[in-house]
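# Chains, contacts and geometry: an overview
Chain by chain, the residues run as shown.
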Amino acid sequence: MTLQQLRYIITIVNCGSISEAAKQLYITQPSLSNAVKELELEYGVSIFNRTSKGITLSSDGSEFLSYARQILEQTDLMEQHYLNKKPLKRICSISTQHYAFAVNAFVNLVSRQENDEYEFTLREARTHEIIEDVKNFRSELGILYMNDFNENVLSKLFKESGLIFHPLFVASPHVFISSSHPLSSKEFVTMTDLEEFPFLAFEQGEKNSFYFSEEILSTVPRKKIIYVSDRATLFNLLIGLNGYTICSGILNSNLNGDNIIAIPLHTKEYMRIGWIANPRVHLSIFAENYLEELKNLISSDGLLLCSEE
């Protein structure tokens, strides 16, 4: 086994295909495939499942990837210490539902980097895409919520995908509305108060099940519903149409301005927001730092962190 072979494996996983990895590594696809096969033969494992649709990590491959990342991280640290070698480009990917605090934590993480080179990815994605991203190692972490309504369905999916949900905090639902909205002066609002205003929700594509909805109370009948695909559009419609959406209530004026406000929603429902990851994969230092940024933001908003289950 060579360190180069381990780097090949990680590049293939990050790219999602051998052909794309070969391009990034500036080698031919047959050479890359042979290097992987030699490694698999040496250790007696099948790192990848190969189908007509492409490749995916096998269960053995997931465990192998965890060891490979640890070895390369330690090698990098040794080279920096003893050879004064330039650090490798840092790579970290996060998938999340459309939360302002998740973006804020990402901004804090990136702004504090002292590395000359890095390649970070933040995907604001649909719920099922977040699960698939973490399952297939496109992302190290996935940020989403559970409550009484969707917990059984999502927990089943996590178990089938080999993922574990780690709770961060429990949020009392709020509505995001424009600061000029007719309800903006209220201390709290009820679903009755909101009946005449457009409800804005993130569309979930072909997996458009109520269980995948990013907004709680998704089954409540509404007169006016507008589905959007990104947070910027949703915020523009909140302002332009006096619409509303239901969320965790955590806003950041530095990122979102003062045109959007959060008002408590009178309901017994709750949102248990947390992160999912594959327990067989060693989190990078940057993923761990991102979690710390999340926890710091949550604590600064006066919310209590959940203990691990």
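Look a little higher up for the structure.
Overview of the structure. (Residues numbered from 1 in each chain as written. Predicted model: local features only at pLDDT ≥ 70, side-chain atom pairs only at ≥ 80, totals over all residues. Heavy atoms only, no water.)

## Focus: the overall build of the protein
For clarity, the threshold we go by: Strands are runs of DSSP state E lasting at least two residues, helices are runs of H or I lasting at least four, and both sets are numbered from the N terminus onward. Relative accessibility under 20% of the residue-type maximum defines a buried residue, over 50% an exposed one, and the middle range a partly exposed one, all with a 1.4 Å probe and only protein chains included. It only takes one pair of heavy atoms within 4.5 Å for two residues to be counted as in contact. All accessible areas in this document rest on Shrake-Rupley with a 1.4 Å probe, and a residue is counted as covered only by the protein chains that are shown. This count recognises Lys and Arg as positive and Asp and Glu as negative, with His and chain-terminal groups excluded. Charged side chains are reduced to one point each, which is NZ for Lys, CZ for Arg, CG for Asp and CD for Glu.
Regarding its fold elements, the protein presents 10 helices and 12 strands. Taking the principal axes of the C-alpha coordinates as reference, the protein spans close to 65 × 45 × 35 Å. The 309 residues of the protein split such that 47% are buried. The contacts in the protein between residues at least 6 apart in sequence include a share of 76% that link residues at least 24 apart. On the protein, roughly 15,800 Å² of surface is accessible, and the fraction owed to carbon and sulfur atoms is 50%. Taken together, the 27 basic and 38 acidic charged side chains of the protein have centroids lying 4 Å from each other.

## Section: the sheet that holds strand β7 (residues 174-178)
What counts here: DSSP-based pairing: two strands are paired if at least 2 bridges between them are found. Between N-to-C directions, angles cover 0 to 180 degrees, with each direction set by a line fitted to C-alpha atoms, over the stretch in contact for helices.
Here we have three strands laid out as an open sheet, ordered β10-β7-β11, and antiparallel in their pairing. Each edge of the sheet is formed by a strand with only one pairing partner; in this case those strands are β10 (245-247) and β11 (260-264). Ignoring which end each strand starts from, the neighbouring axes of this sheet average 40° apart. Contacts from helix α8 (residues 231-241) reach β7, β10 and β11 within the one sheet, and its direction differs from that of β7 by about 65°.

## Quick notes on the packing of helix α1 (residues 3-15) against helix α3 (residues 29-43)
Keep this limit in mind: By definition in this entry, angles of less than 35 degrees are roughly parallel, angles greater than 145 are roughly antiparallel, angles of 65 to 115 are roughly perpendicular, and the rest are oblique. In this scheme the handedness of a crossing depends on how the near helix is turned from the far one: anticlockwise by less than a right angle means left-handed, clockwise means right-handed.
Where α1 contacts α3, the two axes come as close as 10 Å, and the packing angle between them is 115°. Between α1 and α3, the interaxial angle falls into the category roughly perpendicular. For the pair α1 and α3, the crossing hand works out as left-handed. Facing Gln5, Leu6, Tyr8, Ile9 and Ile12 of α1, the residues of α3 in contact are Leu32, Ala35, Val36, Glu38 and Leu39.

## Side note on the packing of aromatic side chains
In plain terms, the rule: Aromatic pairing here means that ring centres of Phe, Tyr or Trp (its six-membered ring) are within 6.5 Å. Orientation follows from the plane angle: under 30 degrees is stacked, over 60 is edge-to-face, and everything else is tilted.
Inspection of the entire model under this criterion finds 10 aromatic pairs. With centroids separated by 6.0 Å and ring planes inclined at 70°, the aromatic side chains of tyrosine 43 and phenylalanine 64 adopt a geometry described as edge-to-face. Of this pair, tyrosine 43 sits in helix α3 while phenylalanine 64 sits in helix α4 (residues 59-83), placing them 21 residues apart in sequence. Note on phenylalanine 64: relative accessible area 13%, which makes it buried. Taken together, a centroid distance of 5.0 Å and an interplanar angle of 15° make the contact between tyrosine 99 and phenylalanine 101 stacked. Across this residue pair, the class does not change: tyrosine 99 and phenylalanine 101 are buried.

## Here's the deal with the nonpolar core
Going by this rule: In plain words, nonpolar cores are sets of buried Ala, Val, Leu, Ile, Met, Phe, Trp, Tyr and Cys residues tied together by side-chain atoms within 4.5 Å.
Core analysis: the biggest nonpolar cluster contains 43 residues, and Phe101, Leu141, Ile143, Val175, Ile273 and Tyr290 have the highest contact counts within it. Counting residues per element, the ones that place at least two in this core are β3 (90-96), α5 (100-111), β5 (141-146), β6 (164-171), β7, β8 (199-202), β12 (271-277) and α10 (285-300). Of the residues forming this core, the biggest block, seven residues, is contributed by α10. Apart from residues lying up to four places away in sequence, leucine 141 is in contact with Ser93, Ile94, Ser95, Val134, Trp275, Ile276, Ala277, Leu283, Ala287, Tyr290 and Leu291. Core analysis: the second largest hydrophobic core is formed by 24 residues, Ile10, Ile12, Ala22 and Phe48 among them.

## Focus: the pattern of salt bridges
Here is the rule we go by: A carboxyl oxygen of Asp or Glu within 4 Å of a side-chain nitrogen of Lys or Arg is what we treat as a salt bridge.
Per the counting criterion, the structure on display carries nine salt bridges. Put simply, arginine 231 and glutamate 124 hold a salt bridge, and the shortest N to O gap is 2.9 Å. Residue arginine 231 is located in helix α8, and its partner glutamate 124 is located in strand β4 (residues 118-124); the two are separated by 107 residues in the primary sequence. Arginine 231 sits in the buried class, given a relative accessible area of 13%. Across the pair glutamate 160 and lysine 156 runs a salt bridge, and its minimum N-O distance is 2.5 Å.

## A closer look at a nonpolar patch on the surface
For clarity, the cut-off: Patches in this entry comprise residues that are over 30% relatively accessible and not in a salt bridge; like charges within 9 Å are linked, as are nonpolar side chains (Val, Leu, Ile, Met, Phe, Trp, Tyr) within 5 Å.
The grouping of Met1, Leu3, Tyr43, Tyr67 and Ile71 at the surface amounts to a nonpolar patch, some 460 Å² of accessible area in total. With respect to the element layout, tyrosine 67 can be found in helix α4.

The values are spatial; any link to function lies outside them.
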